[in-house]
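Residue-level structural notes
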Amino acid sequence: MTESLTVRDNRTGTEYEVPITDGTIRAADIGKIKASEDTPGLAVYDPGFVNTASCRSSITYIDGDKGILEYRGYPIEQLAEKSSFLEVAYLLIHGDLPTKEQYEAWVHHITYHTFVHENVKDFMQGFRYDAHPMGMLMASVGALSTFYPESRNISDADNRNIQIIRMIAKMPTLGAWSFRHAQGKPYVYPDNSLDYSGNFLSMLFKMSETQYEPDPRLVKALDTLLILHADHEQNASTNAVRSVGSTQVDPYSAVSAGVAALFGPLHGGANEAVLRMLKRIGTVDNIPSFIEGVKNGDERLMGFGHRVYKNYDPRAKLIKKAAEDVFEVTGTNPLLDIAVELERIALSDEYFVKRKLYPNVDFYSGLIYEALQFPPEFFTVLFAIGRTPGWLAQWLELTQDKEQKIARPKQIYTGERGLTFTPAEERWA
Ligand code: SDX
């Protein structure tokens, strides 16, 4: 069986052999199909890139039908249970698990790059008191490119590496400060004697105590949540990072585009939307009428559905389990009963079953974040901190991919052609 298509163009009767490689055909081969020598070749039209591969990648593997997620070949279940966020970040960026020496050096460098320039603090204090933390994070990450102008030299490996370390290290600082800003509390500086997630909790919640002592069970739960959000192949925000990165801009600017894309309620913003949806439903008795609203198209069941997973998102299962650990410390979240009943009803309702709509990563994560005393508008910042190593690994892979070019898709033009311009004074006379 030859791995190819034979395409017959009925306009000309010409047949074309189109090779199949890795389950894809190249759009460039389709471009050779022409109605005549002086007309442009065919293009592929795919709004939202539902069925378009944009790159070759060895970072994350997803099987949406089987509900499989692996980072560099390691199943997410094993990493969530046995690894740490910084070890997973190393794996995503470098492609292999670190040796003891590599891990200790990695942790040391990240620990000692958690501070940001004092001007960043002044810059962040310029936001309104009620500024959305994602807007603050998006702006602050982009602003970091002005503090490290050498980061524009993306062809230098050492330079790429130090910017990657800086961004993984500073994201929690920027995120925590956006949280403290919204609460009108003083910003807390990093405490380098704590580990990554413990330091993050300290910058979020430390008040007048000499040193913040994070609860190890909450540190473990937060670290697990960060692992579960670390990468997810070519999702919308990673696509944004790659598209912006394809112009050879610095990585801070590319990642700030990822933060912007993640902000949307159809993507990372869904975890905030889920909490607001559960609060709006209010009680288990209101679920049937809410579900009716969804089926009538008046609502979306936020936290359900996925472009790739047509089965249960493996992360949702693991987050649901992490929720139990957190609720042991914080007490359960009454909204959990509504979420569990909503899931039970949805998974037995033909509307959702037919559309293969299952809980995704955002369905349960918000319940944990709320139990950890985070306000809903902060949930997506937590997602962004977790996703940072993934965005950077994908950006790094892009810079090394000889096949990659500046992202510049075609369009189907539907507007007017060849009009004659009449100057304003004549038009309005
Ligand atoms: C993330 O891509 C990633 O990997 C993302 C992510 C990551 O880790 O980076 O996994 C993180 O973004 C998870 C998704 C979070 N978003 C939500 O929970 C928002 C609610 N879900 C959706 O809006 C939707 O499911 C998407 C955006 C996630 C996927 O959208 P698609 O693939 O474009 O699917 P679609 O909108 O074309 O829907 C197909 C059908 C439609 O019905 P019909 O028009 O065919 O009748 O399913 C329906 C949709 O109306 N549908 C839903 C629904 N999601 C899809 N109906 C009700 N509630 C929903 N949540």
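Look up a bit, the structure's there.
Below, the discussion takes up the packing of helix H7 (residues 157-183) against helix H11 (residues 251-262). Where H7 meets H11, the axes come as close as 11 Å, and the angle between the chain directions of the two elements is 40°. The angle between H7 and H11 falls in the class oblique. Crossing geometry of H7 relative to H11 is assigned as right-handed. For the pair H7 and H11, the contacting residues are Gln163, Arg166, Met167 and Met171 in the first and Pro251, Tyr252, Val255 and Val259 in the second.

A separate point is the pattern of salt bridges. Here the structure, examined in full by the defined rule, presents 22 salt bridges. Between Lys66 and Asp63 there is a salt bridge whose closest N-O contact spans 3.4 Å. For Asp63, a relative accessible area of 14% puts it in the buried group. Here Glu343 ties to Lys320 by a salt bridge, and the two come within 3.4 Å at their closest N and O atoms.

Time to look at the pairing of strand E2 (residues 14-19). In this structure, strand E1 (residues 4-9) lies alongside E2, joined through 6 bridges in antiparallel fashion. From the neighbouring strand, Val7 faces E2, where its bridge partner is Tyr16. The loop that links E1 with its antiparallel partner E2 comprises 4 residues; one of these, Gly13, has a positive phi angle of about 80°.

Attention now moves to the site of the ligand. Neighbouring the ligand are 23 residues; His232, Arg300, His306, Arg307 and Arg315 lie closest to it. Between an oxygen atom of the ligand and a side-chain N or O atom of His267, the distance comes to 2.8 Å. A distance of 2.9 Å is found between a nitrogen atom of the ligand and a backbone nitrogen or oxygen belonging to Phe304. For the ligand, whose unbound accessible area comes to 1100 Å², protein coverage reaches 74%. Two domains each provide a minimum of three residues to the shell around the ligand, namely domain 1 (84-262 + 378-399) and domain 2 (270-371).

Here the focus is the packing of helix H12 (residues 270-281) against helix H18 (residues 379-400). Two elements in contact, H12 and H18, have axes separated by 7 Å at closest approach and are oriented at 150°. Here H12 is positioned roughly antiparallel relative to H18, judged by the angle of their axes. Crossing hand, H12 versus H18: right-handed. Together, Asn271, Glu272 and Leu275 of H12 and Phe379, Thr380 and Phe383 of H18 make up the contact between the two elements. A breakdown of the residues in the contact of H12 with H18 according to their chemical character gives 3 nonpolar, 2 polar and 1 charged.

A separate point is the packing of aromatic side chains. Under the criterion given, the structure shown has 18 aromatic pairs. Relative to Phe374, the ring of Phe179 lies with its centre 5.7 Å away and its plane at 75°, an arrangement referred to as edge-to-face. Of the two residues, Phe179 sits in helix H7 while Phe374 sits in the loop between helix H17 (361-371) and H18, which places them 195 residues apart along the sequence. On the basis of an interplanar angle of 55° and a centroid distance of 4.9 Å, the ring pair of Phe179 and Phe378 is categorised as tilted. In this pair, Phe179 is assigned in helix H7 and Phe378 in the loop between H17 and H18, connecting sequence segments 199 residues apart. On the accessibility criterion, Phe179 (3% relative accessible area) is buried. Among the aromatic side chains, those forming a connected cluster through ring pairs are Phe179, Phe205, Tyr369, Phe374, Phe378 and Phe379. Over the ring of Tyr351 we find Arg355; its NZ or CZ atom is 3.7 Å from the centre of that ring.

Rules used in this analysis
- Residues numbered from 1 in each chain as written.
- Predicted model: local features only at pLDDT ≥ 70, side-chain atom pairs only at ≥ 80, totals over all residues.
- Heavy atoms only, no water.
- Axes fitted to C-alpha atoms, helices over the stretch in contact; angles between N-to-C directions.
- Helix = DSSP H or I, 4+ residues; strand = E, 2+ residues; numbered from the N terminus.
- Parallel < 35°, antiparallel > 145°, perpendicular 65-115°, else oblique.
- Left-handed = near helix turned anticlockwise from the far one by under 90°.
- Contact = heavy atoms within 4.5 Å.
- Salt bridge = Lys/Arg side-chain N within 4 Å of Asp/Glu carboxyl O.
- Buried < 20%, exposed > 50% of the residue type's maximum accessible area, 1.4 Å probe, protein only.
- Pairing = 2+ DSSP bridges.
- Near = heavy atom within 4 Å.
- Polar contact = N/O pair within 3.5 Å; in protein donor to acceptor, adjacent residues only side chain to side chain.
- Areas by Shrake-Rupley, 256 points an atom, 1.4 Å probe, with all protein chains shown as cover.
- Domains from an automatic or database assignment.
- Nonpolar A, V, L, I, M, F, W, Y, C, P; charged D, E, K, R; others polar.
- Phe/Tyr/Trp six-rings, centres within 6.5 Å; stacked < 30°, edge-to-face > 60°.
- Lys NZ or Arg CZ within 6 Å of the ring centre and 35° of its normal.

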